[in-house]
Amino acid sequence: TTWLAENGSKDGIISTESGLQYQVISSGKGNKPTSTDQVTVHYHGTLTDGTIFDSSIDRGEPATFALNRVIEGWQQTLQEMPVGSKWKVYIPENLGYGITGVIKDAKNEEYIIPPSSTLIFPAIILLTLSGTFSIKVWSNSNDFSYPLLSNNIISEQFSYFLYLRISSLVST
């Protein structure tokens, strides 16, 4: 689209062969998730006109999902983001919801995401949970002085969230 072509010419925007674009706001030092990992991210999803269609930030709770169960644009992005990174991602329609969009009310043809929409996600990858449950955590500071388990790190602000998450994994 014209919007993506203009966006791709801006300083700091990286374009991939698939058409995905992103800007690295900050780089994490954790591992990159694989397609079979569970990931926990904080994001704010908007359309190019600024309309918010989904936001874990507004809900006040990061989202956790299987990486291989989301749109292709998220899969490509998150597999390239080391845990702890914050990127602004621009997902073209072919890697998002395509020509079908996402319907809110079929009777009135109201869309949450209109057909052929470019999606914008400022996203922070907080942690990954693989088969071995290795955990890495994002912090908005450089202070990683709170050890959780061997080879795992945690920041004070996320300690409560992770304690609950890990407890639920261990008890099942």
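Here the structure is shown first, and the text comes after it.
Chemist: Explain the pairing of strand 3 (residues 38–47) here, please?
Modeler: Burial within strand 3 is extensive, with eight of its ten residues counted as buried. As paired elements, strand 3 and strand 5 (residues 63–66) share four bridges and run antiparallel to each other. Of the residues in strand 5, the one forming a bridge with Val 41 is Ala 63. Sheet topology note: the strand 3/strand 4 (residues 52–55) ladder contains three bridges and is antiparallel. For Gly 45, the partnering residue across the bridge sits in strand 4 and is Asp 54. Between strand 3 and strand 4, which pair antiparallel one after the other, the connecting turn spans four residues, and Gly 50 there sits at a positive phi close to 95°.

Chemist: In this structure, what is going on with the pattern of salt bridges? I would like to understand it.
Modeler: Note that side chains of opposite charge can pair when their charged atoms are close. One pass over the full model with this rule turns up two salt bridges. Notably, a salt bridge pairs Glu 80 with Lys 32, separated by 3.8 Å at the nearest N-O pair. Of this pair, Glu 80 sits in the loop between helix 3 (72–78) and strand 6 (86–91) while Lys 32 sits in the loop between strand 2 (21–26) and strand 3; the two residues are 48 residues apart in sequence, bridging distant segments of the chain. On the accessibility criterion, Glu 80 (44% relative accessible area) is partly exposed. Between Arg 59 and Asp 54 there is a salt bridge, and its shortest N-O distance comes to 2.5 Å. Residue Arg 59 is classed as partly exposed on the basis of its relative accessible area, which comes to 48%. For Asp 54, a relative accessible area of 27% puts it in the partly exposed group.

Cut-offs used in this document
Residues numbered from 1 in each chain as written. Predicted model: local features only at pLDDT ≥ 70, side-chain atom pairs only at ≥ 80, totals over all residues. Heavy atoms only, no water. Buried < 20%, exposed > 50% of the residue type's maximum accessible area, 1.4 Å probe, protein only. Helix = DSSP H or I, 4+ residues; strand = E, 2+ residues; numbered from the N terminus. Pairing = 2+ DSSP bridges. Salt bridge = Lys/Arg side-chain N within 4 Å of Asp/Glu carboxyl O.

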